[in-house]
Amino acid sequence: MHANLTFIKDRFRKFNREIFADCLPEISLRIGNSRRTMGTLRYRKSQRLGKTAYSDFTLTVSSCFDLPECVIEDTLIHEMIHLYIIVNHLKDTSAHGKVFRTLMGTINTRHNRRITISHRTTESESASDKAKRHHYILITKFKDGEDYITVMSQTKIFEIHHSLFCLKNVLSWEWRYSTLPHFNRYPHSRKLKFYKILPETIQVLPHTLPCVCDGKTFRLI
């Protein structure tokens, strides 16, 4: 789905009540058209009587991307965590420091979310690359600590699965499935080929579905 203002306003009220105990103020909510980031929180910062004051909050969610509803919700909650930290005058070590990460981890656990540190995107997720396709994804961890990605069609899963057992420098691997347009950028491999994982892909992986393959069957967990 594409983010829309009615959806964002409804979810802001819902998450404010269910996650933040209604402690967040009413702020300006907007739909944007950024192709570089899915969500932003802007505000005015000023000094009053030697104290820092914050006002004029505007939370914007981009409508440029066709994403699962849960990804848009997690983007909104990400920005709401920033708002929570600011309005409660919590001092963090950085923009996504210890306080942010602790709150994010707690919300993910208690509310079964998959919020990540970054939700930036790239120009390749433009209108010409939004088609929903079936992506069967292999994440391979090598013994040197590097992770690589292989994206393939369904017909190549078992062939590639068996090829993994011939590699001595592989530590482990995991299978995932997704229809997110983000993975359209990767070539669909017909043989076992490894590609460096793009930084933005690391933020998208939590929104893919874990799978299991035994060489004869492939299914969602």
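Quantities reported herein were computed from a predicted structural model and do not represent experimental measurements.

Calculation notes
Residues numbered from 1 in each chain as written. Predicted model: local features only at pLDDT ≥ 70, side-chain atom pairs only at ≥ 80, totals over all residues. Heavy atoms only, no water. Helix = DSSP H or I, 4+ residues; strand = E, 2+ residues; numbered from the N terminus. Buried < 20%, exposed > 50% of the residue type's maximum accessible area, 1.4 Å probe, protein only. Polar contact = N/O pair within 3.5 Å; in protein donor to acceptor, adjacent residues only side chain to side chain. Contact = heavy atoms within 4.5 Å. Core = buried A, V, L, I, M, F, W, Y, C linked by side-chain atoms within 4.5 Å. Phe/Tyr/Trp six-rings, centres within 6.5 Å; stacked < 30°, edge-to-face > 60°.

Enquirer: Describe the side chain of Thr150, listing the residues and the values that go with them.
Expert: Tracing the chain through its elements places Thr150 in strand S5 (residues 147-152). For Thr150, a relative accessible area of 0% puts it in the buried group. Polar contacts involving the side chain of Thr150 include one to the main-chain carbonyl oxygen of Lys193, which spans 2.7 Å. Setting aside residues up to four positions removed in sequence, Thr150 forms contacts with Tyr136, Ile137, Leu138, Ser189, Leu192, Lys193 and Phe194.

Enquirer: Describe the nonpolar core, and please don't skip the residues or the numbers.
Expert: Membership of the largest hydrophobic core comes to 42 residues, with the highest contact counts inside it found for Phe12, Leu59 and Ile81. Secondary-structure elements contributing two or more residues to this core are helix H1 (5-18), strand S3 (51-62), helix H2 (69-87), helix H3 (98-111), strand S4 (135-142) and S5. Among the elements that make up this core, the one with the highest residue count is H2 (nine residues). Apart from the residues lying within four places of it in its own chain, the contact partners of Ile81 are Phe20, Phe100, Leu103, Met104, Ile107 and Ile115. If you look at the next biggest cluster of nonpolar residues, it comprises eleven residues, including Ile157, Ile160, Trp175 and Tyr177.

Enquirer: Account for the packing of aromatic side chains, with residues named and values stated.
Expert: On inspection of all chains with the given rule, the structure shows eleven aromatic pairs. Ring geometry for Phe20 against Tyr84: centres 5.7 Å apart, planes inclined by 40°, an arrangement best described as tilted. Of this pair, Phe20 sits in the loop between H1 and strand S1 (28-32) while Tyr84 sits in helix H2, placing them 64 residues apart in sequence. Using a relative accessible area of 22% as the deciding quantity, one classes Tyr84 as partly exposed. Ring centres 5.4 Å apart and planes at 75° place the aromatic pair Tyr43 and Tyr54 in the edge-to-face group. One end of the pair, Tyr43, is in strand S2 (residues 39-48); the other, Tyr54, is in strand S3, with eleven residues separating them in the sequence. Cluster of aromatic residues (ring-pair linked, three or more members): Tyr136, Trp175, Tyr177 and Phe218.

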